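# Architecture and fold: a report
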Amino acid sequence: MKSLYSKFVIITLLMMFCSSMIAFVIANIHYQAILKPYNDEKNTDVALNVASFLQNNPDINMTAYFHNLAETGYQVYIVSEKDEVQTFGAPFRNHEIRDDIKEQVLNGKIYHGIANFPHSIFIVGFFANELKNSIGVPLQWNGEQYALFMRPNIKFLFNEFRIFLSWLLLLMIIFSVIMVIISTKFLVTPIAKLTDATKSLAKGNFAVEIDYTRKDEIGNLTRNFYDMAKKLGQLDSMRKEFISNISHDIQSPLANIEGYTSLLEKDTLTNEQKEQYIQIIKGETKRLSNLTKQLLLLASLDQQEDLLNKRHYSLTTQLKDLIRQYYWILEEKEIMLTFSLPPSHINGDRVLLEAVWDNLLNNAIKYNKIGGTIDIKIEQSEASMKVIFQDTGVGMTKEELEHIFDRFYRADTSRTRSVEGTGLGLAIVHSIVQMHGGTISVNSVKGEGTTFIIELPVDD
Ligand SMILES: Nc1ncnc2c1ncn2[C@@H]1O[C@H](COP(=O)(O)OP(=O)(O)OP(=O)(O)O)[C@@H](O)[C@H]1O
Ligand SMILES: [Mg+2]
């Protein structure tokens, strides 16, 4: 009895057996309490009728009459005063009866054997083919005294019906057992499949194939499991990608630093070459330092989602100060920056939001063209505040747009290779905006420009 399947089948069959036993006992109690006295009374009437008919018709042939009666479905046992016995119809399986009973019936008393037949839980007296289970009435015929015992011949009356009932019962049992076996399989198979799927998930195979279309509890469980496996799979591939990206981004500057430091050891280098190599090493060290700073920021954002240091402050001042920091680079790249910043205050984490605007402006400059433009706007409504960064830069395709918030993603690799960056900026922007309960949306046309719209709630 190990598998759920066999447990289910055995328990159902046991339940079927127990319920038929209980039904039998209840039917038997019903027979004993209600049907038995009624049956006795009915048969007493018949026996009395027979006795009075014979008494009133002394001319008829008693033997022929009883033969006839037996053929209509009665078992008859007659005892005379001289203890001579005549039987008609099917013989009683047990024809023992106490002598004093015979005596009493001969003396005119009625014997209620059916009503007084002993009862037991598992024996239905109705079917007991015994002389004790009969009705005895006194019979007077041609001056002679007899005791007439009779009972209906159950076998005769119920023979076909009994066969019919037996078939009905047998077929019912066979079909129920077959159906229990089939339906149990139907119930248990999905659980077995789910178990296999959990095993394969445990081995690291996240692409579980499982049917989750059922609409019941097992279907719900399977669907939830499927969703969980999918999410775990996504997390796993994100983790792998993250590790491989990180390793690559740390490895390449380290390799450069190592390569250029060994070059510096050569004696034949000119001062100019030395200066050039040192600049490269400095650049790579800065890149590594930026990367670790960004990673630390991301990790702290992941861990401390609820620990925002919110304050009311002037967003306009923050954005203007930021623009001022970028004047020299804007000039160098010949980018024209316009802005429309009406006085606006916001309730947010100043340091984190500074990182958001810095990343967006930095991107708008980095991915712009010589002579391009950038426009920064604040649009305020009752419930929210929009900060819009619009540039006439290189733009992005639809496919690229789908990934820009992924960690380490950098679109258009041929171009981005020449532009400094780790691909973590927008992932950080996204996290910070989400932590503030805001949204970020992007519109971009390849070759024409990009617009980032940050919408933050003005809650309190
Ligand atoms: N304004 C923009 N115009 C065109 N492409 C952009 C713009 N902003 C972002 N992108 C694209 O999205 C990618 C991801 O941007 P993100 O800011 O996350 O990384 P990054 O700028 O490359 O590096 P980091 O900001 O970490 O130094 C960029 O590499 C770039 O290809
Ligand atoms: Mg960036």
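Structure first, text after, so check above.
Overview of the structure. Just so you know, these numbers come straight off a predicted model, no measurement behind them. (Residues numbered from 1 in each chain as written. Chains lettered and ligands numbered in written order. Predicted model: local features only at pLDDT ≥ 70, side-chain atom pairs only at ≥ 80, totals over all residues. Heavy atoms only, no water.)

### Thoughts on the site of ligand 1
Filter applied, for reference: Near residues are defined by distance, with any heavy atom within 4 Å of the molecule or strand qualifying the residue. Pairing of N or O atoms within 3.5 Å defines a polar contact, subject to two protein rules: one partner must be a possible hydrogen donor and the other a possible acceptor, and residues neighboring in sequence count only if both atoms are side-chain atoms. A 1.4 Å probe and the Shrake-Rupley method give the accessible areas. Residues count as covered only by the protein chains that appear here. Using a 1 Å grid laid over the protein atoms alone, points where a 1.4 Å probe fits but cannot get out form a cavity; open sets with protein on both sides within 12 Å along at least 5 of 7 lines form a pocket; any residue with an atom within 4 Å of a point counts as lining. Placement in a cavity or pocket follows one criterion, namely that more than half of the molecule's atoms lie within 2 Å of its grid points. Strands are runs of DSSP state E lasting at least two residues, helices are runs of H or I lasting at least four, and both sets are numbered from the N terminus onward.
With respect to spatial proximity, 22 residues lie near ligand 1, and among them Asn-363, Tyr-367, Arg-410, Thr-422 and Leu-426 are the closest. A distance of 2.9 Å separates an oxygen atom of ligand 1 from a polar backbone atom of Gly-423. At 3.0 Å, a backbone N or O of Leu-424 approaches an oxygen atom of ligand 1. Relative to its unbound accessible area of 590 Å², ligand 1 is 96% covered by the protein chains. Comparing atom positions with the cavity grids shows ligand 1 to sit within the largest pocket. If you list the elements that add at least two residues to the shell around ligand 1, you get α9 (350-366), α12 (425-435) and β12 (449-457). If you tally residues by element for the shell around ligand 1, the top one is α9, at 3 residues.

### Examining the environment of Ile-250
This is how the line gets drawn: Contact definition: two residues touch when any of their heavy atoms are within 4.5 Å.
Here Ile-250 is to be found in helix α5 (residues 217-264). For the pair Ile-250 and Leu-291, spaced 41 residues apart in sequence, the C-alpha to C-alpha distance is 8.2 Å. Other than its neighbours up to four places away in sequence, Ile-250 contacts Leu-288 and Leu-291.

### Things to note about the nonpolar core
Cut-off, in case you're wondering: The term nonpolar core refers to a set of buried residues drawn from Ala, Val, Leu, Ile, Met, Phe, Trp, Tyr and Cys, joined through side-chain atoms within 4.5 Å. Throughout, exposure labels follow a simple rule: accessible area from a 1.4 Å probe, protein chains only, divided by the maximum for the residue type, with under 20% read as buried, over 50% as exposed, and the rest as partly exposed.
Within the largest apolar cluster, 48 residues are counted, with the highest numbers of intra-cluster contacts made by Leu-315, Trp-357, Leu-361, Ile-374 and Phe-389. When residues in this core are grouped by element, the largest group, 9 residues, is from α9. Apart from residues lying up to four places away in sequence, Phe-389 is in contact with Leu-319, Trp-357, Leu-360, Leu-361, Asp-375, Ile-376, Thr-450, Thr-451 and Phe-452. Val-50, Ile-135, Tyr-146 and Met-150 belong to the second largest nonpolar core, which has 23 residues in total.

### Brief notes about a negative patch on the surface
The following threshold applies: Put simply, a patch holds well-exposed residues, over 30% relative accessible area, that have no salt bridge, with like charges counted together within 9 Å and Val, Leu, Ile, Met, Phe, Trp or Tyr side chains within 5 Å. Salt bridges are defined by distance alone: a side-chain nitrogen of Lys or Arg within 4 Å of a carboxyl oxygen of Asp or Glu. Charge assignment: positive for Lys and Arg, negative for Asp and Glu; neither His nor the chain ends contribute. To locate a charge, take atom NZ for lysine, CZ for arginine, CG for aspartate or CD for glutamate.
On the surface, Glu-81, Asp-83, Glu-84 and Glu-103 cluster together into a negatively charged patch. Mapped onto the elements, Asp-83 comes out in the loop between β1 (74-80) and β2 (85-88).

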